[in-house]
Amino acid sequence: KILEYLKRIKKSNMVKRVGYLLEKHKFDVYDKIKRYINNKYIYLDPLAKKYGKKNKRWKLIINVR
């Protein structure tokens, strides 16, 4: 149901964050939603400090532990 919701809303920021978190919990969803991922890097947590390691697959900056 989560993947269906992500496909319907088509918001790249949400697709990146939820997809990354699903993958961290051993769900392989990248191939199903990669078409909704753009090339702009965003922060995993927009309210946390503005530095962290880049995740090239999901185009995220991991700024939380």
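These lines cover the structure that appears in this document, whether it is placed above or below. Keep in mind it's a predicted model, so treat the numbers as computed, not measured. (Residues numbered from 1 in each chain as written. Predicted model: local features only at pLDDT ≥ 70, side-chain atom pairs only at ≥ 80, totals over all residues. Heavy atoms only, no water.)

A count of helices and strands for the protein gives three helices and three strands. Starting at the N terminus and ending at the C terminus, the protein contains elements arranged as α-α-α-β-β-β. The C-alpha radius of gyration computed for the protein amounts to 11 Å, which stays within 12% of the reference 11 Å derived for 65 residues, consistent with globular compactness. With the C-alpha coordinates aligned to their principal axes, the bounding extent of the protein is approximately 30 × 25 × 20 Å. Out of the 65 residues belonging to the protein, those deemed buried represent 35%. Across the protein, contacts joining residues at least 24 apart in sequence account for 39% of those joining residues at least 6 apart. Surface exposure of the protein reaches about 5,200 Å², of which carbon and sulfur atoms provide 53%. Of the side chains in the protein, 21 bear a positive and 5 a negative charge, and the two mean positions are spaced by 7 Å. (Helix = DSSP H or I, 4+ residues; strand = E, 2+ residues; numbered from the N terminus. Rg over C-alpha atoms; globule rule 2.2 N^0.38 Å. Buried < 20%, exposed > 50% of the residue type's maximum accessible area, 1.4 Å probe, protein only. Contact = heavy atoms within 4.5 Å. Areas by Shrake-Rupley, 256 points an atom, 1.4 Å probe, with all protein chains shown as cover. Lys, Arg positive; Asp, Glu negative; His and termini not counted. Charge placed at Lys NZ, Arg CZ, Asp CG, Glu CD.)

Within the largest apolar cluster, 15 residues are counted, with the highest numbers of intra-cluster contacts made by Val15, Tyr20, Val29, Ile33, Trp58 and Leu60. Contributing elements (two or more residues each) for this core: α1 (2-9), α2 (12-24), α3 (30-33) and β3 (60-62). Here the element with the most residues in this core is α2; it accounts for three residues. Contact partners of Tyr20, with chain neighbours within four places excluded, come to Leu44, Asn55, Trp58, Leu60 and Ile62. (Core = buried A, V, L, I, M, F, W, Y, C linked by side-chain atoms within 4.5 Å.)

The subject of this paragraph is α2. Helix length check: α2, at 13 residues, gives a terminal C-alpha distance of 18 Å against a target of 18 Å (1.5 Å per residue), a fit within 8%. Following α2 by one or two positions, Lys26 adopts a phi angle in the positive range, close to 70°. (Expected span 1.5 Å × (residues − 1).)

In short, the description is geometric, and any link to function would need to be established separately.
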